[in-house]
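Structural features, examined
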Number of protein chains: 2
Amino acid sequence: MQDHTHLASRRSFVASANGHPDFPIQNLPLGIFALHDGTGRAGVAIGDMILDLDAVLAAGLLDGAAEEAAAAAEGGVLNELLALGGGPRRALRLRLFDLLSEDSTERARLAGMLHRAADCTLHLPARIGDYTDFYAGIQHATNVGALFRPDNPLLPNYKYVPIGYHGRASSVVPSGHPVRRPNGQRKPATETTPSFGPSRNLDYELELGLWIGPGNALGEPIPIAQATEHIAGFCLLNDWSARDIQGWEYQPLGPFLAKNFCSTVSPWVITPEAMAPFRRAQAKRPEGDPKPMDYLWDERDQAHGALELELEVFLLTPGLREKGLPPHRLSRGHASGLYWTPAQLVAHHACGGCNLQPGDLLGTGTISSASEDGFGSLLEITRGGKQPVTLASGETRRFLEDGDEIVLQARARRAGFAGIGFGECRGVVTPAP
Amino acid sequence: MQDHTHLASRRSFVASANGHPDFPIQNLPLGIFALHDGTGRAGVAIGDMILDLDAVLAAGLLDGAAEEAAAAAEGGVLNELLALGGGPRRALRLRLFDLLSEDSTERARLAGMLHRAADCTLHLPARIGDYTDFYAGIQHATNVGALFRPDNPLLPNYKYVPIGYHGRASSVVPSGHPVRRPNGQRKPATETTPSFGPSRNLDYELELGLWIGPGNALGEPIPIAQATEHIAGFCLLNDWSARDIQGWEYQPLGPFLAKNFCSTVSPWVITPEAMAPFRRAQAKRPEGDPKPMDYLWDERDQAHGALELELEVFLLTPGLREKGLPPHRLSRGHASGLYWTPAQLVAHHACGGCNLQPGDLLGTGTISSASEDGFGSLLEITRGGKQPVTLASGETRRFLEDGDEIVLQARARRAGFAGIGFGECRGVVTPAP
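Residues numbered from 1 in each chain as written. Chains lettered and ligands numbered in written order. Predicted model: local features only at pLDDT ≥ 70, side-chain atom pairs only at ≥ 80, totals over all residues. Heavy atoms only, no water.

Details of the relation of the copies chain A and chain B
Think of it as a corkscrew move, a rotation about one axis and a shift along it, taking one chain copy to the other. Here chain A sits on chain B after a turn of 180° about the axis and a move of 0.0 Å along it, with an RMSD of 0.0 Å. Such values leave the two copies arranged in the relation of a two-fold axis. Residue G254 of chain A, judged by its C-alpha, is the member of chain A lying nearest the rotation axis, at 2.2 Å. When you check the interface residues of chain A against chain B, 100% turn up at the interface there too, and the contact is symmetric in its surfaces. (Least-squares fit on C-alpha atoms with pLDDT ≥ 70 in both. Contact = heavy atoms within 4.5 Å.)

What about the packing of helix 2 (residues 64-72) of chain A against helix 4 (residues 86-100) of chain A?
All names here are of chain A. Here helix 2 crosses helix 4 at 105°, and the two axes come no closer than 7 Å. It follows from the interaxial angle that helix 2 and helix 4 lie roughly perpendicular. Where helix 2 abuts helix 4, its residues A65, A66, E68, A69 and A70 lie against P88, R89, A91, L92 and R95. Here the residues of the contact of helix 2 with helix 4 sort into seven nonpolar, no polar and three charged. (Axes fitted to C-alpha atoms, helices over the stretch in contact; angles between N-to-C directions. Helix = DSSP H or I, 4+ residues; strand = E, 2+ residues; numbered from the N terminus. Parallel < 35°, antiparallel > 145°, perpendicular 65-115°, else oblique. Nonpolar A, V, L, I, M, F, W, Y, C, P; charged D, E, K, R; others polar.)

As for the domain arrangement of chain A
Residue and element names in this part refer to chain A. As far as domains go, chain A holds domain 1 (4-123) and domain 2 (131-430). For domain 1 and domain 2, the distance between their C-alpha centres works out to 28 Å. Taken together, the contact between domain 1 and domain 2 spans 27 residues of the former and 29 residues of the latter. For the pairing of domain 1 and domain 2, the buried interface totals around 2,200 Å² over both sides, and the portion due to carbon and sulfur atoms is 63%. Interface area lost by domain 1 to domain 2 is led by H6, L82 and R89, which between them contribute 27%. Linking domain 1 with domain 2 are three salt bridges, by the criterion used here. The salt bridge involving E273 is made with R90; its shortest N-O contact spans 3.4 Å. Put simply, domain 1 and domain 2 have ten residue pairs in polar contact (both at pLDDT 80 or more) between them. (Domains from an automatic or database assignment. Buried area = accessible area lost by both parts, 1.4 Å probe. Salt bridge = Lys/Arg side-chain N within 4 Å of Asp/Glu carboxyl O. Polar contact = N/O pair within 3.5 Å; in protein donor to acceptor, adjacent residues only side chain to side chain.)

Re the environment of H115 of chain A
Residues and elements named next belong to chain A. Tracing the backbone shows H115 in strand 4 (residues 114-116). By relative accessible area, which is 18% here, H115 ends up buried. Between the alpha carbons of H115 and I50 there is a distance of 5.2 Å; along the sequence they are 65 residues apart. Not counting chain neighbours up to four residues away, the residues in contact with H115 comprise F33, L35, D48, M49, I50, D52 and C120. (Buried < 20%, exposed > 50% of the residue type's maximum accessible area, 1.4 Å probe, protein only.)

Structural notes on the interface of chain A and chain B
Listed per partner, the contact involves 59 residues of chain A and 59 residues of chain B. Counting the contacts that link chain A with chain B gives six salt bridges. We note a salt bridge from E220 of chain A to R180 of chain B, for which the minimum N-O separation is 3.0 Å. Across the chain A-chain B interface, the total number found is 26 residue pairs in polar contact (both at pLDDT 80 or more). If you tally residues by element for the side of chain A that touches chain B, the top one is strand 7 (residues 164-166) of chain A, at three residues. Looking at the side of chain A that touches chain B residue by residue, the class counts come to 31 nonpolar, 22 polar and six charged.

Some details on helix 6 (residues 138-148) of chain A
Of the positions making up helix 6 of chain A, those classed as buried are H140, A141, N143, V144 and G145 of chain A. Buried residues in helix 6 of chain A make contact with helix 13 (378-381) of chain A.

Let's talk about unusual backbone geometry
Residue and element names in this part refer to chain A. Following Q251, the chain continues to P252 via a peptide bond in cis, the omega torsion being 5°. On the secondary structure map, P252 appears in the loop between helix 8 (243-249) and strand 16 (263-265). Not every positive phi belongs to a glycine, and R383 is a case in point at roughly 50°. Inspection of the secondary structure assignment puts R383 in the loop between helix 13 and strand 22 (389-390). Given a relative accessible area of 26%, R383 falls into the partly exposed group.

A short note on the pattern of salt bridges
For the structure shown, the criterion picks out 50 salt bridges over all chains. A salt bridge links R109 of chain A to E106 of chain A; the nearest nitrogen and oxygen atoms lie 3.5 Å apart. Residue class for R109 of chain A comes out partly exposed when judged on its relative accessible area of 43%. On the accessibility criterion, E106 of chain A (18% relative accessible area) is buried. Between D203 of chain B and R243 of chain B there is a salt bridge, with its nearest N and O atoms 2.9 Å apart. With D203 of chain B in strand 12 (residues 202-203) and R243 of chain B in helix 8 (residues 243-249), this residue pair connects regions lying 40 residues apart in the sequence. Taken together, the shared-partner salt bridges in this structure form one network comprising D203, E205, D239, R243 and K259 of chain A.

Written as structure tokens, this is what we have:
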């Protein structure tokens with residue numbers, strides 16, 4: 001799985017890439033960016049810059065499978081590129097690596113195709129056909145279940161079924177898009193009838209997202225051994241949640257308006273190739289847990305399918321901003337909190353014949369660590385709002401206030417390899433209409 | 001709301017349209033059809049024929065808003081036409097009515113643009129961005145709730161919240177597409193651990209579908225008084241359901257694989273203009289039920305927003321086919337079984353800012369009548385499989401067997417007006433992989 005593109009010693013002629021916490025030359029994530037005219041173009045993040053992939057293609061700097069990949073990325077969405085699967089994507093990576101390396105022979109020609117990321121707007125990388133959200137963070141499921149059922153937090157199906165539900169594709173937005181507080185029906189336990197108004201318990205959820213690649217035809221399941229080939233990339237996902245609306249509406253068919261007003265993704269597609277050094281064995285299940293059923297069991301996936309990723313959540317409030325204080329770190333956790341591997345989520349999703357399509361987005365569900373400094377939502381951190389967080393500014397938070405900003409971060413580290421990151425996934429809460 | 005196009009006395013030069021139970025000249029539903037080359041083209045159903053709308057446009061037979069509407073329907077999907085809203089759609093209807101009426105001056109030119117429907121394939125009318133399924137059939141909710149909670153079938157939120165959840169858009173198919181029985185995890189009460197295999201309790205659900213028109217921007221709710229303008233058409237919807245998979249997977253986040261393997265729609269978009277004579281007052285709520293909240297309350301919608309539609313479900317089995325017996329009518333009900341109007345579903349969906357987009361599909365939820373000959377699923381008819389249905393062939397059914405076909409039908413009738421129908425919504429169950 002390792003090739004020369006991952007070694008920490010490799011450097012780019014783009015100076016800001018060397019030692020960049022997110023986008024060194026070892027990452028090369030794909031995305032859609034726009035300059036001042038607003039038209040989306042395919043691009044690659046390199047340090048503080050974005051390489052215009054459409055321009056690289058037009059300049060004739062690509063051939064073979066790499067050219068095929070870049071041609072599929074034209075038109076302002078990456079769906080066709082994602083559909084191609086791993087071969088062309090890998091060829092493109094290798095060619096971009098050579099083009100951007102410090103001994104590149106095309107350095108002069110590329111100079112005009114590099115734009116300062118700060119001057120660009122990032123779009124969604126793909127037209128999302130369907131968005132599905134799982135519930136694979138077992139500590140999160142346990143924490144939330146315990147708020148309702150202290151003696152029996154996990155339901156009987158949890159360790160057999162990768163629990164998931166369909167989310168709303170139209171309201172998925174890229175990092176930076178404001179998050180408008182939703183109005184909705186709320187009925188606190190202290191009131192006898194519901195009322196309509198702005199959510200009082202607005203929360204975030206720390207998740208990873210999976211971008212679907214080739215996908216499957218309707219009625220044709222994806223075997224677990226092939227599931228990894230259908231994952232074309234990774235991102236961060238903030239599944240903003242209105243807890244008061246959720247509590248009142250969600251029985252018996254699950255969350256609806258409580259989670260469909262906005263979901264934020266980090267806009268760079270982190271490729272499986274970039275993540276190759278950062279795969280790990282799936283955490284061993286505790287004694288007594290059932291072995292996954294055959295359609296979810298693959299030795300290779302168990303040995304290499306999990307992700308070595310450190311995850312952090314920061315909160316920036318009006319008070320912190322006014323006083324020039326740094327963002328407050330709400331949590332620091334790890335992707336090992338997932339009870340199912342990405343491949344298991346894909347294989348389960350398709351096991352009944354549901355067709356996954358290029359550009360579909362799968363969320364893992366909220367990822368919480370076992371220790372409370374790694375909980376992935378305010379619902380868990382504040383025990384349902386009962387134990388507010390106190391910030392350096394003197395402010396306290398049960399849930400999010402207007403003007404608050406949440407920033408999610410993911411970083412992969414391994415000795416001997418250049419670390420990579422996922423880039424920003426942020427959103428500011430704005431007042432309800 | 002009434003105009004001359006609805007009168008029963010109006011006739012078409014297309015002979016089969018006159019007295020046609022579904023598609024008389026008073027209906028003129030819009031859809032996407034294909035001839036032998038398979039390319040989707042916009043069309044209009046008229047009797048047993050389909051008028052090629054792309055050809056009508058190309059022949060210069062349209063102008064003004066009608067031309068704008070037909071131009072937006074080019075390209076094999078109706079999304080852009082749906083986005084235009086009522087004005088252009090009404091103009092197109094009026095022009096098509098004149099073109100197809102028995103005193104049409106363009107009869108000769110149109111002859112070559114009319115195709116026998118039997119020679120055509122019908123596609124989905126739109127690219128469905130998101131599909132949402134509601135639960136607005138109160139008798140269905142009561143029947144299903146009673147199977148689990150005999151003393152308290154409806155949950156406390158039911159009469160306040162139009163309960164809904166997100167469904168799977170990618171697996172919505174047009175009438176006639178086979179329905180492959182899904183594999184999945186099942187755990188009958190008689191077994192201690194789940195097993196994986198073909199669903200043993202495959203069911204249908206009788207629903208109506210709403211096609212979304214212009215829609216709203218993210219963060220901008222749709223006021224109830226404007227909600228009707230965002231409904232561009234109606235269809236039938238069969239929300240195929242694997243009850244055993246559903247029972248095991250659905251807690252706590254709702255149905256997922258149990259309902260995402262296939263959903264069938266009738267492919268013709270029945271316009272609000274065609275349905276205008278068949279609107280009725282919403283059924284008065286029983287004494288003691290809460291009045292809908294302000295954001296769901298509109299006097300005009302209450303007076304005219306409900307649908308006058310008779311709904312039927314037929315079952316055709318291998319045994320009935322072999323013996324030349326007619327389809328077995330499983331139920332005959334009425335759309336008045338809906339606790340919320342279509343406009344209320346739209347206003348609720350958008351009240352938190354969720355953006356609806358042209359071509360989105362909303363299902364009403366299963367519609368059951370109070371009497372058991374109008375129940376909208378086998379789950380209800382057979383009391384969860386305990387009371388099988390016996391057919392004239394001697395066969396019995398708890399749930400659907402391979403080879404069974406379900407046909408949904410919707411007809412609108414009113415004295416003095418030509419009745420219209422929605423056309424076929426059918427699917428045959430094929431074996432699991």
